[in-house]
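Residues per chain are reported as follows:
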Amino acid sequence: HPAWSVATLRAGLPRLRTVETYAQGQDLATVGEFVRFKFRANLDWEYLKAVRDIWQGPLLVKGLLHPQDAESCIQLGVDGICVSNHGGRQFDGAPAAIDALPAVARVAKGKTALLFDSGLRSGLDIMRALARGADFVLLGRAYLYGVSALGKEGGAHTTEILMAELKNNMAQMGIQSAEEIKKLSLTEELLS
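A brief structural summary. (Residues numbered from 1 in each chain as written. Predicted model: local features only at pLDDT ≥ 70, side-chain atom pairs only at ≥ 80, totals over all residues. Heavy atoms only, no water.)

This next bit is on the packing of helix α5 (residues 67–76) against helix α6 (residues 97–108). Interhelical geometry of α5 versus α6 gives an angle of 30° and a closest axis separation of 8 Å. Taken together, the axes of α5 and α6 lie roughly parallel to each other. Helix-helix and strand crossings are classified by hand; for α5 and α6 the assignment is right-handed. For the pair α5 and α6, contact is made by Pro67, Ala70, Glu71 and Ile74 and by Ala103, Val104, Val107 and Ala108, respectively. A breakdown of the residues in the contact of α5 with α6 according to their chemical character gives seven nonpolar, no polar and one charged. (Axes fitted to C-alpha atoms, helices over the stretch in contact; angles between N-to-C directions. Helix = DSSP H or I, 4+ residues; strand = E, 2+ residues; numbered from the N terminus. Parallel < 35°, antiparallel > 145°, perpendicular 65-115°, else oblique. Left-handed = near helix turned anticlockwise from the far one by under 90°. Contact = heavy atoms within 4.5 Å. Nonpolar A, V, L, I, M, F, W, Y, C, P; charged D, E, K, R; others polar.)

Here it is, written out as structure tokens:
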């Protein structure tokens, strides 16, 4: 991929700019050491409670796949839950997030915001997540693909593609709004 290689040579290697400020350094070794020693690998409910006690602003917990975890988050007063297996790259033995979503949605409905993230690549994927209970979806890789292919214009182009696909799928089912998607009661076969 010559265009990517040339762009990388011009801009330099990708960096974790949001972490560099806290790591007090930009080199990969300093940032890596900071991440390794400062980011907790094994978060627990006591730690989340401590964060909630200190931080009164909006608090979102990402990476839940079990309804009992959603209930614990609600009891601790989180403002939102994000059902996610982190795209399957953190622990590839985790269940598919889309399969875990309905059970978590039954617990979270009306109690906290429910976001979904993991494996979304198309308008149909967005529709599935909304139909299975998500209030909102997050997309990362789709936008990375768009920016990688088209540079600064890639994000907007990705949005256009996803919206066109979503609208097309909605039209195919005779649906007019996202609220109608959320009211669907489709069989598991249709959602899979």
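Having seen it, we continue.
Another aspect to go through is the pattern of salt bridges. All chains considered together, the criterion is met by seven salt bridges. With its nearest N and O atoms 3.1 Å apart, the salt bridge here joins Lys62 to Asp117. With Lys62 in strand β1 (residues 60–64) and Asp117 in the loop between β3 (113–116) and α7 (123–131), this pair connects stretches of sequence that are 55 residues apart. Taking relative accessible area as the criterion, Asp117 reaches 12% and is therefore assigned buried. (Salt bridge = Lys/Arg side-chain N within 4 Å of Asp/Glu carboxyl O. Buried < 20%, exposed > 50% of the residue type's maximum accessible area, 1.4 Å probe, protein only.)

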